[in-house]
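# Close look at the chain arrangement
Below, each chain spelled out in residue letters.
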Amino acid sequence: MSTTTDILFTRTDPALGTFSIRPLDPFADAELLHGWVTHPKAGFWMMQDASLPDVEREYMRIAAAEHHQAFIGLHEGRPAFLMESYDPSELELVGLYDAQPGDVGMHFLVAPTESPIAGFTRAVITTVMSALFADPATQRVVVEPDVRNTAVHALNEAVGFVPDGPIQKPEKEALLSFCTRAQFEAATI
């Protein structure tokens, strides 16, 4: 299991405390992830029927991929969300939009909880975006959530994303949206 020495990024939310991001370990984190991605609230993650070995294989595949990374997000030191980044010119969106240098694709999933905290998901997406823009090479974040996922569309808009329009991916109709560094800063400052 990763330790605090593996922390890649930390952000302190004024209301909710410390959020940090560490590398995902496909073996050590598989059981945790399995509970998250198969939870009824994770329907848009499209892994509802995945077995534990399926989840382990998927995150081993991501760990070995050149253009895809996965991370565990922590809140006050405890696992609380999943973050993925990818090169949209190499996977997920190849041929579906005109990729630009500095584009980074992103997915995030907040862990299910029995005790929701007001503003938590917004703090998570703000942390994810802050981590992506901490890399000076990142110019724009690209997302492609399911068109039916209105909750995430509202969150995306809250941190500066602007919808470009629906696109058809093999697995879903998605709402392609973009957020530049300036749009993120304007929305969150």
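Predicted model only: the values in this text are computed from it and were never measured.

## With respect to the pattern of salt bridges
This model, assessed by the stated rule, comprises 10 salt bridges. One salt bridge connects Asp-29 with Arg-22, and the closest N-O pair in it is separated by 2.9 Å. Of the two residues, Asp-29 and Arg-22, both sit in the buried class. One salt bridge in this structure joins Glu-144 and Lys-172, with 3.2 Å as the shortest N-O distance. Of the two residues, Glu-144 is situated in the loop between β6 (140-143) and α4 (150-158) and Lys-172 in the loop between β7 (162-168) and β8 (173-180); the sequence distance between them amounts to 28 residues. The class of Glu-144 is buried, set by a relative accessible area of 1%. The network of salt bridges with common partners includes Glu-92, Glu-144, Lys-169, Glu-171 and Lys-172.

## Considerations on the packing of helix α3 (residues 120-133) against helix α5 (residues 181-188)
In the contact formed by α3 and α5, the axes pass within 11 Å of each other and the chain directions differ by 145 degrees. Where α3 crosses over α5, the handedness of that crossing is left-handed. Of the residues in α5, those in contact with Arg-122, Thr-126, Met-129, Ser-130 and Phe-133 of α3 are Arg-181, Phe-184, Ala-187 and Thr-188. For the contact of α3 with α5, the class distribution of residues is 4 nonpolar, 3 polar and 2 charged.

Conventions adopted
Residues numbered from 1 in each chain as written. Predicted model: local features only at pLDDT ≥ 70, side-chain atom pairs only at ≥ 80, totals over all residues. Heavy atoms only, no water. Salt bridge = Lys/Arg side-chain N within 4 Å of Asp/Glu carboxyl O. Buried < 20%, exposed > 50% of the residue type's maximum accessible area, 1.4 Å probe, protein only. Helix = DSSP H or I, 4+ residues; strand = E, 2+ residues; numbered from the N terminus. Axes fitted to C-alpha atoms, helices over the stretch in contact; angles between N-to-C directions. Left-handed = near helix turned anticlockwise from the far one by under 90°. Contact = heavy atoms within 4.5 Å. Nonpolar A, V, L, I, M, F, W, Y, C, P; charged D, E, K, R; others polar.

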